[in-house]
Amino acid sequence: MKFEDISKVAGILPLDNWSTGVTIDDINEDGWNDIYVCKVAPVSLISTHNELYINQRDGTSQELSIDYGLDFSGYSTQASFFDYDLDCDLDVYLLNHSVHSTHS
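None of these values were measured; they are calculated from a predicted model.

Engineer: Can you help me understand the packing of aromatic side chains in this one?
Structural biologist: What characterises a pair of aromatic rings is the spacing of the ring centres plus the angle enclosed by the ring planes. Under the definition given, this model contains two aromatic pairs. Plain terms: the ring middles of Tyr36 and Phe81 are 5.5 Å apart, the flat faces sit at 90 degrees to each other, and that makes the pair edge-to-face. Taken together, the residues Tyr36 in strand 2 (residues 34–39) and Phe81 in strand 5 (residues 76–82) connect sequence positions 45 residues apart. Assessed through its relative accessible area of 1%, Tyr36 is described here as buried. On the basis of relative accessibility, which here comes to 9%, the residue Phe81 falls in the buried class. On the numbers, 6.1 Å between centres and 75 degrees between planes, the contact of Phe82 with Tyr84 is edge-to-face.

Engineer: Help me understand the nonpolar core, please; the structure alone is not making it clear to me.
Structural biologist: Grouped together as the largest cluster of nonpolar side chains are nine residues: Ile27, Tyr36, Cys38, Leu52, Ile54, Leu64, Leu70, Ala79 and Phe81. Mapped onto this core, the elements with two or more residues apiece are strand 2, strand 3 (51–55) and strand 5. When near neighbours in sequence (up to four residues on either side) are disregarded, Ile27 contacts Asp34, Tyr36, Leu52, Phe81 and Leu90.

Rules and cut-offs
- Residues numbered from 1 in each chain as written.
- Predicted model: local features only at pLDDT ≥ 70, side-chain atom pairs only at ≥ 80, totals over all residues.
- Heavy atoms only, no water.
- Phe/Tyr/Trp six-rings, centres within 6.5 Å; stacked < 30°, edge-to-face > 60°.
- Helix = DSSP H or I, 4+ residues; strand = E, 2+ residues; numbered from the N terminus.
- Buried < 20%, exposed > 50% of the residue type's maximum accessible area, 1.4 Å probe, protein only.
- Core = buried A, V, L, I, M, F, W, Y, C linked by side-chain atoms within 4.5 Å.
- Contact = heavy atoms within 4.5 Å.

In structure tokens form, the structure reads like this:
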């Protein structure tokens, strides 16, 4: 199988830092998959936050994490989107890495 890297053409240009998890889901519920990228921001050399790439339905995407309130800056590792409170819109469960040891 062969794959073509279309990330630049698609507008998915993550900052040059450590990404820890990627979730592909229809986050804005328009019938097109979007991409949410988790970052470990505090250990990065540059200021960063999680990124949300909304599919523009033309082969491109737009980073809109701030607009959706998903620009979390911390030790996130993975996200899951589902309707937790059954109100017919998606909620996010954001898994974060603990910086505290569980050992005494």
